[in-house]
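Topology and contacts: notes
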Amino acid sequence: MSREDHEAYQHLRERFAGGEAEHAASSLETLAGRYPGYADLHYLLGLLREREQDLDGAASSLERALELNPAYAEAGLALQSVYEQRGQHERSRELALRLQETAAVRGDPTTRGKLANLHAALGDAYRDAGDLREAIDAYRKALDRCPGFHDIRQRLAVTLREAGLPARALAELQRVLRANPSYLDAQVQIGLTLYTLGRTDEARAQWDAALERDPSRDDARMYLRLLGGRADAPAASGPGGRADAPAGGGPDGGA
């Protein structure tokens, strides 16, 4: 690729990253035609076509990217999304299996990590849209690849609780805390989940323990106050840990 074209390519990537890709189609098509062996150009073109609701064009570009680089995790997940939107669920499942086999053969931790994070991002999108079952499935796929990604396991647990499965959520959170006892976010979430299960005294104990280890945990202090428990640790001078913040008559706020 010439220096001029390389600079144009980098500019296009920056525009994509900044969400400003609306007018990039002609430039991408020109570059992809000039350098047909560059998988990344076909990937970006596929993303752009999907945004424009040209699902057939998106599939064609993403399939080409995967032909050039069978281990291209981002292109594979994007293509799965396109297949799902077109109602081609069997093709999506077949592609997922193929990507898993490719990653296993490569034995590449970086590739597994990318796939895990992509599935987790898909799970976040499903959760934001209120599709909790699909979110749970996406988080589990992420953890199949990288079981040690504790932040993803916690997101799975919170979503399980939101889906009305607090016992399963508790098991996942306890697994996180066993693996990383200093992960106080998980301990606070264990308290919320125990409260959802009606185990109020155990919930209070978790929040007390979190505050004893880190007095800046304003979320744990808030839950204790709502519960009517001890919350006399000194307040943090800055913002505390993120809570899934209850609103209403109890610490879980209906989660």
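Residues numbered from 1 in each chain as written. Predicted model: local features only at pLDDT ≥ 70, side-chain atom pairs only at ≥ 80, totals over all residues. Heavy atoms only, no water.

As for the overall build of the protein
- For the protein, the count of helices and strands is 13 helices and 0 strands.
- Across the 255 residues in the protein, those meeting the buried criterion constitute 44%.
- Looking at the protein alone, contacts between residues at least 24 apart form 47% of all its contacts between residues at least 6 apart.
- Roughly 12,800 Å² of accessible area belongs to the protein as shown, and the carbon and sulfur atoms make up 47% of that amount. (Helix = DSSP H or I, 4+ residues; strand = E, 2+ residues; numbered from the N terminus. Buried < 20%, exposed > 50% of the residue type's maximum accessible area, 1.4 Å probe, protein only. Contact = heavy atoms within 4.5 Å. Areas by Shrake-Rupley, 256 points an atom, 1.4 Å probe, with all protein chains shown as cover.)

Some details on unusual backbone geometry
- Positive phi values are uncommon outside glycine, yet Q53 reaches one of about 65 degrees.
- Tracing the sequence through the fold places Q53 in the loop between helix 3 (39-51) and helix 4 (55-68).
- The exposed category is assigned to Q53, whose relative accessible area is 56%.

Looking at the packing of helix 3 against helix 4
- Axis separation between helix 3 and helix 4 bottoms out at 8 Å; the angle between their running directions is 160 degrees. On the basis of the axis angle, helix 3 is roughly antiparallel to helix 4. Helix 3 and helix 4 meet at a crossing whose hand is left-handed. For the pair helix 3 and helix 4, the contacting residues are A39, H42, Y43, L45, G46, R49 and E50 in the first and L55, G57, A58, S61, L62, R64, A65 and L68 in the second.
- Taken together, the residues of the contact of helix 3 with helix 4 break down into 8 nonpolar, 4 polar and 3 charged. (Axes fitted to C-alpha atoms, helices over the stretch in contact; angles between N-to-C directions. Parallel < 35°, antiparallel > 145°, perpendicular 65-115°, else oblique. Left-handed = near helix turned anticlockwise from the far one by under 90°. Nonpolar A, V, L, I, M, F, W, Y, C, P; charged D, E, K, R; others polar.)

Describing helix 7 (residues 109-128)
- Here helix 7 contains 20 residues, and its C-alpha end-to-end distance of 28 Å stays within 8% of the 28 Å for a straight helix at 1.5 Å per residue.
- Considered for burial, the residues of helix 7 that qualify are T111, G113, L115, A116, H119, A120 and G123.
- A positive backbone phi angle near 85 degrees is found at G130, which sits one or two residues after helix 7. (Expected span 1.5 Å × (residues − 1).)

Describing the pattern of salt bridges
- As enumerated under the stated definition, the model contains 15 salt bridges in all.
- A salt bridge links K141 to D137; the nearest nitrogen and oxygen atoms lie 3.4 Å apart. Remark: D137 and K141 occur in helix 8 (residues 132-145); sequence separation between them is 4 residues, near one turn of the helix.
- Linking R204 and D201 is a salt bridge whose minimum nitrogen-to-oxygen distance equals 3.2 Å. Taken as a pair, R204 and D201 lie in helix 12 (residues 200-213) at a separation of 3 residues, close to a single helical turn.
- Since its relative accessible area comes to 58%, D201 is described here as exposed.
- Taken together, the salt bridges that share partners define one network made up of D124, D151 and R155. (Salt bridge = Lys/Arg side-chain N within 4 Å of Asp/Glu carboxyl O.)

Some thoughts on the side chain of T159
- Mapped onto the secondary structure, T159 falls in helix 9 (residues 150-162).
- For T159, a relative accessible area of 0% translates into the label buried.
- One polar contact links the side chain of T159 to the main-chain carbonyl oxygen of R155, over a distance of 2.8 Å.
- If we ignore the near neighbours within four places in the chain, the residues touching T159 are R127, L132, A135, I136 and Y139. (Polar contact = N/O pair within 3.5 Å; in protein donor to acceptor, adjacent residues only side chain to side chain.)

Focus: the confidence of the model for the protein
- With 82% of its residues at a pLDDT of 70 or more, the protein has an overall mean of 80.
- Across residues 229-250 the pLDDT falls below 50, and counting only partners more than four positions away or on other chains, this stretch makes 47 contacts in the model. (pLDDT = per-residue confidence, 0-100.)

Some thoughts on the packing of helix 9 against helix 11 (residues 184-196)
- Between helix 9 and helix 11, the shortest axis-to-axis distance is 11 Å and the interhelical angle comes to 15 degrees. The angle between the axes of helix 9 and helix 11 places the two elements in the roughly parallel class. At the point where helix 9 passes helix 11, the crossing takes the left-handed sense. Residue-level inspection shows Q154, V158 and R161 of helix 9 in contact with helix 11, the latter providing D185, A186, Q189, L192, T193 and T196.
- When its residues are assigned to classes, the contact of helix 9 with helix 11 shows 3 nonpolar, 4 polar and 2 charged.

Section: the environment of R199
- For R199, the position within the fold is in the loop between helix 11 and helix 12.
- Among the residues examined, R199 registers a relative accessible area of 33% and is labelled partly exposed.

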